[in-house]
Amino acid sequence: VQLVESGGGLVQPGGSLRLSCAASGFTFSSHTMSWYRQAPGKEREWVAGIGHTGGNTNYADSVKGRFTISRDNAKNTVFLQMNSLKSEDTAVYYCYTVLGRGYWGQGTQVTVSS
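Now for a look at the structure at hand. (Residues numbered from 1 in each chain as written. Predicted model: local features only at pLDDT ≥ 70, side-chain atom pairs only at ≥ 80, totals over all residues. Heavy atoms only, no water.)

1. Some thoughts on the state of the cysteines
Counted according to the given criterion, the structure contains 1 disulfide. At a sulfur-sulfur separation of 2.2 Å, the disulfide partner of C21 is C95. Judged by the sign of its S-S torsion, about -85 degrees, the cystine formed by C21 and C95 is left-handed. Taken as a pair, C21 in strand β3 (residues 17–24) and C95 in strand β9 (residues 91–99) lie far apart in primary sequence, 74 residues in all. In this pair, the class of C21 matches that of C95, namely buried. (Disulfide = S-S within 2.5 Å. Helix = DSSP H or I, 4+ residues; strand = E, 2+ residues; numbered from the N terminus. Buried < 20%, exposed > 50% of the residue type's maximum accessible area, 1.4 Å probe, protein only.)

Take a look at the structure:
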């Protein structure tokens, strides 16, 4: 199982970023996918999740209405569109799935700063 995140970077408050997570080594279309984040000095927290068909999505209250999770099962990729970014969204963002046990990607840094 391999999860590889990309798309992070430095963005000004109010800006947007789109994160991608390319998955391999398992039947992607059969598994729920999630995004988590970890800010400096804080515990890792769940951000959003999407069911295996893409028809069921859930969000943390802190990102609801600003972030959108989606997936392309033909490309084995899950996305996180982040709009109206705030400084408190600064964190390393991780892709996550469960196949018997949890698997994490290496993370991608998102920094929101002017």
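Structure's up, so let's keep going.
2. A look at the pattern of salt bridges
One pass over the full model with this rule turns up 4 salt bridges. For K64, the salt bridge is made with D61, and the minimal N-O distance between the two is 3.2 Å. A salt bridge links R66 to D89, with the nearest nitrogen and oxygen atoms 2.7 Å apart. Of this pair, R66 sits in the loop between β6 (57–59) and β7 (67–72) while D89 sits in the loop between β8 (77–82) and β9, and the two are 23 residues apart along the sequence. (Salt bridge = Lys/Arg side-chain N within 4 Å of Asp/Glu carboxyl O.)

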